[in-house]
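Summary of structural features
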Amino acid sequence: MTNKIKADICIIGAGSGGLSVAAGAAQMGARTVLIERGEMGGDCLNTGCVPSKALIAAGAHAYMMGEGEAFGIAPVTPQIDFAKVNAHVKGVIAAIAPNDSVARFEGLGVTVIKDHARFKDARTVIAGNKEIHARRFVIATGSHPAIPSIPGLDTVPFLTNETIFDQTERPDHLIVIGGGPIGMEMAQAHHRLGCKVTVIEAAKALAKDDPELTALVIDRLIREGVEILESVKVTGVAGAAGRISVTVEEASGRRVIEGSHLLVATGRKPSVDGLDLDKAGIVADAHGIKVDDRLRTANKRVFAIGDVIGGMQFTHVANYHAGIVIRNALFRLPAKVDYGAIPYVTYTDPELAHVGETEAEARARHMKINVLRWHLAENDRAQATHETDGLIKVITDVHGRVLGCTIVAPHAGELILPWVLAKSQALKLSAMAGIVAPYPTLSEISKRAASSYYTPTLFSMKTRALVRFLGLFG
Ligand SMILES: Cc1cc2nc3c(=O)[nH]c(=O)nc-3n(C[C@H](O)[C@H](O)[C@H](O)COP(=O)(O)OP(=O)(O)OC[C@H]3O[C@@H](n4cnc5c(N)ncnc54)[C@H](O)[C@@H]3O)c2cc1C
Ligand SMILES: NC(=O)c1ccc[n+]([C@@H]2O[C@H](COP(=O)([O-])OP(=O)(O)OC[C@H]3O[C@@H](n4cnc5c(N)ncnc54)[C@H](O)[C@@H]3O)[C@@H](O)[C@H]2O)c1
């Protein structure tokens, strides 16, 4: 028998975006329904951010054990128990899971339905034996791995982000197809945990970022021992569990790479399967559900947020979308998205963090720009910890207003925040140059880069003449 439910807002997908809308809406008094067909918490908690950062942390620990020499401490070879590393990863997920649980959301007053959702018509969604009639709907169904059509790939077992965090045995040789954030983060973490790793990238690794900065990350991975093949074409995959061979065409010719495991990290596809979007008049293409700048789909009662709309696919973006939807759907405010000051971080070591325009984007948009740099090797704290691989690069307009910033450094993800503020508030560099940064910290690189903008004026002939002139008056 069909169970009919009336709601103010019905959300499909309990990942980063859906959970944020549900928590906000319920606590603001809206009758809220949340439908999830899989694990509460979605990709981020179960197969994305959380397990990847936990694995990276384990890799960092192992790496440090071999890096004592520079400090006068004999390096040790870490004894890695991959099953225990996996237990650590699962333990971190378990520690965070209660925040995203059915119990917590029911406690907030949300009606949680664990089933697949699909549209019946423009104003009704069906999930199992329940029919939900809501004033507004939010599609937050996320994305899943895009699998390229490589001959033979469908005949061998391969890993994706959905399965790699279930590995309890150390892969001897992990071959990674795709040198984006997933491929590079996983490559370094696995190498540090004792695997041989080969990354195969069709174009350039980390190509969405400034090549001057990504070169530092790529060089570091290569120095640590990760093999990275760029501008190569994968022409075939063959083998069976434990013995995978990948054939590539390089500039120098054909080569076969033999490995034990294969990770496919070649981008994402929006999860719109079985939603029956057409029944609700919602339009989607290969990149995702089409939305306007208020995140409304072609059916104005239905919003779409997070990975399923393509574009910037990050947890903090899905959360940001949630806030926009709450203002539009519950308060009827015409809030619009603005991606101008959204940061993102790739959690390699060193980390790569960015906000705003890259140098190439700024040159394409503005007649004249300023580019400021400060190398980590010139930072006293970085010298003290022997972590001098890194650079901050700041882009401003002719008036010294911040257009963008990219940082490669340990903890670059933390260091980027003042630049997010500078970009979002359209601050001038004088704001950053004028603050006092604690010594010795990596944060000083931000102040030093900003101050370098004023160096030519400060130490100019004019200033020197002025100081000498004022000196004449005692
Ligand atoms: C390996 C990896 C590492 C990442 N690391 C980071 C990071 O460090 N920082 C960062 O910001 N981002 C990171 N991301 C990206 C981040 O995970 C995503 O941007 C984020 O999870 C998107 O949230 P979402 O709510 O759009 O979708 P999801 O979190 O994927 O949630 C969608 C939910 O909808 C459910 N669903 C789908 N269809 C239906 C249906 N028809 N009915 C019911 N339920 C349905 C799914 O089961 C899922 O639970 C990473 C991603 C990966 C893969
Ligand atoms: N730290 C983070 O915030 C973080 C970490 C991981 C993932 N993510 C999110 O997940 C998204 C997806 O990550 P991703 O790394 O899978 O995708 P991506 O699209 O960023 O990178 C995929 C890479 O695979 C390459 N590629 C595609 N087909 C190929 C083929 N046949 N052979 C060889 N190379 C091929 C592409 O050239 C590209 O460089 C990211 O864009 C990001 O939004 C975020």
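Per an unreviewed UniProt entry, the protein goes by the name Dihydrolipoamide dehydrogenase and belongs to Parvibaculum sedimenti. Recorded in UniProt under Sequence similarities (unreviewed entry), the annotation for the protein is "Belongs to the class-I pyridine nucleotide-disulfide oxidoreductase family."

**Regarding the overall build of the protein**
Scanning the protein from terminus to terminus reveals 16 helices and 23 strands. Computed over C-alpha atoms, the radius of gyration of the protein comes to 25 Å, within 12% of the 23 Å expected from 2.2 N^0.38 for 474 residues, which places it in the range of a compact globule. Dimensions of the protein, computed from C-alpha atoms along their principal axes, come out at roughly 95 × 60 × 40 Å. Counting over 474 residues, the protein shows a buried share of 43%. Across the protein, every contact between residues at least 6 apart in sequence was considered, and the portion connecting residues at least 24 apart equals 66%.

**Description of the domain arrangement of the protein**
Splitting the protein by domain gives domain 1 (3-40 + 101-145 + 269-329), domain 2 (153-266) and domain 3 (344-458). Contributing elements (two or more residues each) for the side of domain 2 that touches domain 3: α6 (181-192) and α7 (211-224). It is α7 that provides the largest number of residues to the side of domain 2 that touches domain 3, a total of 7 residues. Split by residue class, the side of domain 2 that touches domain 3 holds 7 nonpolar, 2 polar and 5 charged.

**Focus: the site of ligand 1**
As a structural note, the neighbourhood of ligand 1 is formed by 37 residues, with G13, G15, G42, G142 and G306 the closest of them. Going through the elements one at a time, α1 (16-27), β2 (32-36), α2 (42-46), α3 (49-65) and α8 (315-329) are the ones with two or more residues in the shell around ligand 1. Of the residues in the shell around ligand 1, the class split is 13 nonpolar, 19 polar and 5 charged.

**Here's the deal with the sheet that holds strand β19 (residues 344-346)**
The strands making up a sheet associate through backbone hydrogen bonding, with each pair oriented either parallel or antiparallel. As summarised here, the arrangement of the 5 strands in space is β19-β20-β23-β22-β21, forming an open sheet in which the pairing is antiparallel. Of all strands in the sheet, those with a lone pairing partner are β19 and β21 (370-375), marking the two edges. On average, each strand axis in the sheet is inclined to that of its neighbour by 10 degrees, with strand direction left out of account. Alignment of strand β22 (residues 391-396) against strand β23 (residues 402-409), held across 6 bridges, turns out to be antiparallel. From the neighbouring strand, I395 faces β23, where its bridge partner is G404.

**Side note on the sheet that holds strand β12 (residues 243-250)**
Sheet architecture is open: 3 strands sit in the order β11-β12-β13, paired in antiparallel fashion. Edge positions in the open sheet fall to β11 (233-240) and β13 (253-259), since each of these has one partner strand only. Averaged over all pairs of adjacent strands, the angle between their axes in this sheet comes to 20 degrees, without regard to strand direction. In terms of strand pairing, β11 meets β12 through 7 bridges, oriented antiparallel. From the neighbouring strand, K233 faces β12, where its bridge partner is E249.

**Structural notes on unusual backbone geometry**
Geometrically, the link from D349 to P350 is a cis peptide bond, its omega value of 0 degrees lying close to zero. Within the secondary structure layout, P350 lies in the loop between β19 and β20 (351-356). Here the amide bond leading from Y439 into P440 is cis, since omega sits at -10 degrees, within 30 degrees of zero. Tracing the backbone through its elements, the reader meets P440 in the loop between α13 (429-434) and α14 (444-451). Of note, R332 is a non-glycine position whose phi angle comes to about 55 degrees, a positive value.

**Notes on the nonpolar core**
Residues V176, L262, L263, I407, A412 and I416 are the most contacted members of the largest nonpolar core, which totals 72 residues. Composition of this core by domain shows at least three residues from each of domain 2 (153-266) and domain 3 (344-458). With near-sequence residues (within four places) excluded, A412 lies in contact with V345, P350, E351, L352, A353 and I407.

**What about the UniProt feature "binding site: FAD" (unreviewed entry) in the protein?**
In the numbering adopted here, UniProt assigns the feature "binding site: FAD" (unreviewed entry) to K53, T141, G142, S143 and D307. As for its placement among the helices and strands, K53 is situated in helix α3. As for its position among the elements, S143 is in strand β7 (residues 143-145). Classification of S143 as buried rests on a count of 22 C-beta atoms within 10 Å. What S143 contacts, discounting residues up to four positions off in sequence, is R268, K269, P270, S271, D307, V308 and Q313.

**Description of the site of ligand 2**
Around ligand 2, the surrounding shell holds 26 residues, and the nearest of these are G178, G180, A202, G267 and Q313. Broken down by secondary-structure element, the contributors of at least two residues to the shell around ligand 2 are α6 and β19. Of the residues in the shell around ligand 2, the class split is 15 nonpolar, 8 polar and 3 charged. When residues are assigned to domains, the shell around ligand 2 turns out to be shared by domain 2 (153-266) and domain 3 (344-458), each giving three or more.

**What to know about the pairing of β22**
Strand residues, when the strand is regular, have side chains that alternate between the two faces of the sheet. Within β22, 6 of the 6 residues are buried, leaving the element largely enclosed by the surrounding structure. In terms of strand pairing, β21 meets β22 through 6 bridges, oriented antiparallel. Bridged to V371 within β22 is I395.

**Observations concerning the confidence of the model for the protein**
Of all residues in the protein, 100% attain a pLDDT of 70 or more, and the chain-wide mean is 97. Two summary scores accompany this predicted model of the complex, namely pTM at 0.97 and ipTM at 0.98.

**Notes on α7**
Each α-helix winds once per 3.6 residues, and so residues spaced three or four apart point in a common direction. An ideal rise of 1.5 Å per residue puts 20 Å on 14 residues; α7 measures up with 20 Å between its terminal C-alpha atoms. At its buried positions, α7 is contacted by α6, β10 (227-229), β20, β22 and β23. The first or second residue beyond α7 is G225, which carries a positive phi of 120 degrees.

Analysis parameters
Residues numbered from 1 in each chain as written. Chains lettered and ligands numbered in written order. Predicted model: local features only at pLDDT ≥ 70, side-chain atom pairs only at ≥ 80, totals over all residues. UniProt positions renumbered as here; feature names shortened; annotations may be inferred. Helix = DSSP H or I, 4+ residues; strand = E, 2+ residues; numbered from the N terminus. Rg over C-alpha atoms; globule rule 2.2 N^0.38 Å. Buried ≥ 20, exposed ≤ 12 C-beta atoms within 10 Å, placed from the backbone. Contact = placed C-beta atoms within 7 Å. Domains from an automatic or database assignment. Nonpolar A, V, L, I, M, F, W, Y, C, P; charged D, E, K, R; others polar. Near = placed C-beta within 6 Å. Pairing = 2+ DSSP bridges. Axes fitted to C-alpha atoms, helices over the stretch in contact; angles between N-to-C directions. Core = buried A, V, L, I, M, F, W, Y, C linked by C-beta atoms within 7 Å. pLDDT = per-residue confidence, 0-100. Expected span 1.5 Å × (residues − 1).

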